[in-house]
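Given next are the chains, with one letter for each unit.
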Amino acid sequence: MEYFKKVPVIQFEGKESKNPYAFKYYNPESIVMGKSMKEHLKFALSYWHTMCGNGNDPFGSATIDRSYGQSDPMEHAKAKADAAFELMNKLGIEYFCFHDVDIAPEGDSIAELKDNLAEITGYIKGLMDTYQKKLLWGTANCFSHPRYMHGAGTSCSADSFAFAATQIKNAIDATIQLGGSGYVFWGGREGYDTLLNTNMALEQDNMARLMKMAVDYGRKNGFKGDFYIEPKPKEPTKHQYDFDVATVLAFLRKYGLEKDFKMNIEANHATLAGHNFQHELRVARENNAFGSIDANQGDLLLGWDTDQFPTNVYESTLCMYEVIKAGGFTNGGLNFDAKVKRSSFEPEDIALAYIAGMDSFALGLLFAVKIIEDGRIDGFVEDRYASYQSGIGKAIVEGKTSLEELEKYALSKGEVEITSGKQEYLETLLNNIIFG
Ligand code: XLS
Ligand code: NI
Ligand code: NI
């Protein structure tokens, strides 16, 4: 059965093409800086938004039919998987990401979920072999079910903790069975709504205990990939403990988890935290914690996680600049954690949305390479700090001076010689490099 009938296999046709079902910039096999575009970008499909998202929002019901012609839960899960692989195949997307409950019916108990997950994992394994697709990362949804209303790892209820541990164990098993190269923790409700009822210290200690158990279990069972934390400052809770990359780094170091965890950075979460996307990527890169990306974009006029498909080319350019500077993806990739708008309800809209996101990131890659090859921006930054390459600056960097010596130097100098930051020049230089 074909689910996306209007969607052909999408080919690269180049920027002059008027065909909506063609890539204008994403040419998977073309070589950029010694690697194919496909290898640079490692695109992944998000199972939840793409295959499950039905367009409902707090003000209205579903607008998108994601039944795949089935009503029995297990038949529905299989049809959904068939549709997912059809779509990946048509789009030329090599990877996917899932939560346990995206791929398997929840059933009436956690025992049923376990059995359903085991069955559907086998089914998906078959599709992966047929279509030659790979799992980027798996995760467990420990935030939707009412039992997690107070959190999962950070719940006041030890039973909620135990149920979350069970889901995580089974999702790690599925990830291992499908050869996934990552496992994600996103703390959906791992935070608080009011400190009046919250023991923050115990909640954070418990979260670390859960993560430690997950690492021990995964490693014991042969998982060699990366564990990721996906920072997000708020929503659904008022405050999430995995607020932003810097906060997560402090958490990992406090509990000795920094060797096993890297960051899965989402663009829309960065802006919710009051940062931009590049900032979060930079903080991760500078701390050797860059792992994977949830590619999307928020609407800066709306204060919530709108998870739109990324089409802002400045953002994708500066993102790919950071990715290249980080040495590229190893276990990670670009997962489109993005959904179509509620009014984009026709089956082909999801394919058009992926084309938009993939082309935007292809442009971002091409422009990032241009920035690096041009060299003027990197050169400007290097020159800006030239004072640390010799004399007193070199002594500071090498730890060979002291406050007393610096005072002696300053008193002998009279005043500081300083240069302009030239932000406006750099911004127009960026435009000049991008638009040629
Ligand atoms: C929600 C998150 C979620 C994670 C996976 O805001 O982005 O989708 O990526 O649990
Ligand atoms: Ni995400
Ligand atoms: Ni999100």
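Here the structure is shown first, and the text comes after it.
The following paragraphs examine the structure supplied in this document. The model shown is predicted, which means the values in this text are computed figures rather than measured ones. (Residues numbered from 1 in each chain as written. Chains lettered and ligands numbered in written order. Predicted model: local features only at pLDDT ≥ 70, side-chain atom pairs only at ≥ 80, totals over all residues. Heavy atoms only, no water.)

**Some points on the coordination of the nickel ion (ligand 3)**
Condition: Metal donors were taken as nitrogen, oxygen and sulfur atoms no farther than 2.8 Å from the ion, or 3.2 Å where the ion is Na, K or Ca. Water is excluded, so coordination may look unfinished. In this scheme, a residue with accessible area under 20% of its type's maximum is buried, one over 50% is exposed, and one in between is partly exposed, where area comes from a 1.4 Å probe on protein chains only.
Taken together, the protein donors to the nickel ion (ligand 3) comprise Glu266 (OE), His269 (NE2) and Asp305 (OD), at separations of 2.1 to 2.3 Å. Taken in chain order, the donor set of the nickel ion (ligand 3) reads E-x2-H-x35-D. Taken as a pair, the nickel ion (ligand 3) and the nickel ion (ligand 2) show a spacing of 4.0 Å, with glutamate 266 coordinating each metal. Like histidine 269, glutamate 266 is buried.

**Some remarks on the nonpolar core**
Here is the rule we go by: By nonpolar core we mean a set of buried residues, namely Ala, Val, Leu, Ile, Met, Phe, Trp, Tyr and Cys, connected to one another through side-chain atoms within 4.5 Å. For the purposes of this entry, the term helix denotes a DSSP run of H or I that reaches at least four residues, the term strand denotes a run of E that reaches at least two, and both are numbered from the N terminus. A contact between two residues is defined here by any heavy atoms of the two lying within 4.5 Å.
Ranked by size, the top nonpolar core spans 121 residues in total, and within it Tyr47, Phe96, Ile124 and Ile293 carry the most contacts. In terms of residues, this core owes the most to one element, helix α12 (residues 347–374), which gives 15 residues. Apart from the residues lying within four places of it in its own chain, the contact partners of tyrosine 47 are Cys52, Lys80, Ala81, Ala84, Phe96, Cys97, Phe98, Asp102, Ile103 and Ile124.

**Points about the coordination of the nickel ion (ligand 2)**
Worth spelling out the cut-off: For four-coordinate sites, all angles between 85 and 135 degrees define a tetrahedron; for four- and six-coordinate sites, opposite donors beyond 155 degrees with the remaining angles between 65 and 115 define square planar and octahedral shapes respectively, and all other cases count as irregular.
Protein coordination at the nickel ion (ligand 2) comes from Glu230 (OE), Glu266 (OE), Asp294 (OD) and Asp337 (OD), with a distance range of 2.0 to 2.1 Å. Considering all six donor atoms around the nickel ion (ligand 2), angles at the metal cover 81 to 174° and the coordination shape is octahedral. Spacing between the donor residues of the nickel ion (ligand 2) along their common chain follows E-x35-E-x27-D-x42-D.

**Brief notes about the pairing of strand β12 (residues 261–266)**
Let me state the cut-off plainly: For two strands to pair, DSSP has to find at least two bridges joining them.
Burial analysis of β12 places five of its six residues in the buried class, which makes it a mostly covered element. Note that strand β10 (residues 226–229) and β12 share three bridges and pair parallel. Bridge pairing links isoleucine 229 to methionine 263 in β12.

**Observations regarding the site of ligand 1**
Spelled out, the test is: If even one non-hydrogen atom of a residue comes within 4 Å of a molecule or strand, that residue is called near it. What qualifies as a polar contact is a pair of N or O atoms within 3.5 Å, subject to a donor-acceptor requirement within protein and to the restriction that residues adjacent in sequence count only when both atoms come from side chains. Areas reported here follow the Shrake-Rupley algorithm with a probe of radius 1.4 Å; residue values treat only the protein chains shown as occluding. Each residue is assigned to one class: nonpolar for Ala, Val, Leu, Ile, Met, Phe, Trp, Tyr, Cys and Pro, charged for Asp, Glu, Lys and Arg, and polar for all the others, Gly among them.
Lining the immediate surroundings of ligand 1 are Trp48, His99, Trp186, Glu230, Lys232, Glu266, His269, Asp294, Asp305 and Asp337. A distance of 2.9 Å separates an oxygen atom of ligand 1 from a polar atom in the side chain of aspartate 294. Protein contact buries 94% of the 290 Å² of open area that ligand 1 shows by itself. Grouping the constituent residues of the shell around ligand 1 by class yields two nonpolar, two polar and six charged.

**Structural notes on a nonpolar patch on the surface**
Keep this limit in mind: Patch membership needs two things, relative accessible area over 30% and no salt bridge, and members are linked within 9 Å if like-charged or within 5 Å if nonpolar (Val, Leu, Ile, Met, Phe, Trp, Tyr). Any Lys or Arg side-chain nitrogen found within 4 Å of a carboxyl oxygen on Asp or Glu counts as a salt bridge.
Among the surface-exposed residues, Val381, Tyr385, Tyr388, Ile396 and Val397 lie close enough to one another that they form a single nonpolar patch of about 470 Å² accessible area. Within the secondary structure, tyrosine 388 is located in the loop between α13 (376–384) and α14 (391–397).

**Points about the pattern of salt bridges**
A side chain with one charge can pair with a side chain of the opposite charge if their charged atoms come near. Scanning all chains against the criterion turns up 20 salt bridges. Of the charged contacts, one joins glutamate 119 and lysine 78 as a salt bridge, the two residues approaching to 3.1 Å between their closest N and O atoms. Of this pair, glutamate 119 sits in helix α5 (residues 110–131) while lysine 78 sits in helix α3 (residues 73–91), placing them 41 residues apart in sequence. The class of glutamate 119 is partly exposed, set by a relative accessible area of 41%. A salt bridge links aspartate 216 to lysine 212, with the shortest nitrogen-to-oxygen separation between them at 3.2 Å. Of this pair, aspartate 216 and lysine 212 are both found in helix α7 (residues 200–220), four residues apart, which corresponds to roughly one turn of the helix. When salt bridges with common partners are traced through the structure, they connect Glu2, Glu86 and Lys90 into a single cluster.

**Some thoughts on the environment of phenylalanine 227**
By the element assignment, phenylalanine 227 lies in strand β10. Residue classification places phenylalanine 227 among the buried residues on the basis of a relative accessible area of 0%. Separated by 174 residues in sequence, phenylalanine 227 and threonine 401 place their C-alpha atoms 40 Å apart. Residues contacting phenylalanine 227, with those up to four places away along its chain left out, are Ile172, Tyr183, Phe185, Ala214, Val215, Gly218, Arg219, Asp260, Phe261 and Lys262.

**Overview of the environment of asparagine 116**
Looking at the secondary structure, you find asparagine 116 in helix α5. Relative accessible area serves as the criterion here: at 15%, asparagine 116 is assigned to the buried category. Separated by 89 residues in the primary sequence, asparagine 116 and aspartate 205 have C-alpha atoms spaced 32 Å apart. Apart from the residues within four sequence positions on either side, asparagine 116 is in contact with Met74, Ala104, Pro105, Glu106 and Gly107.

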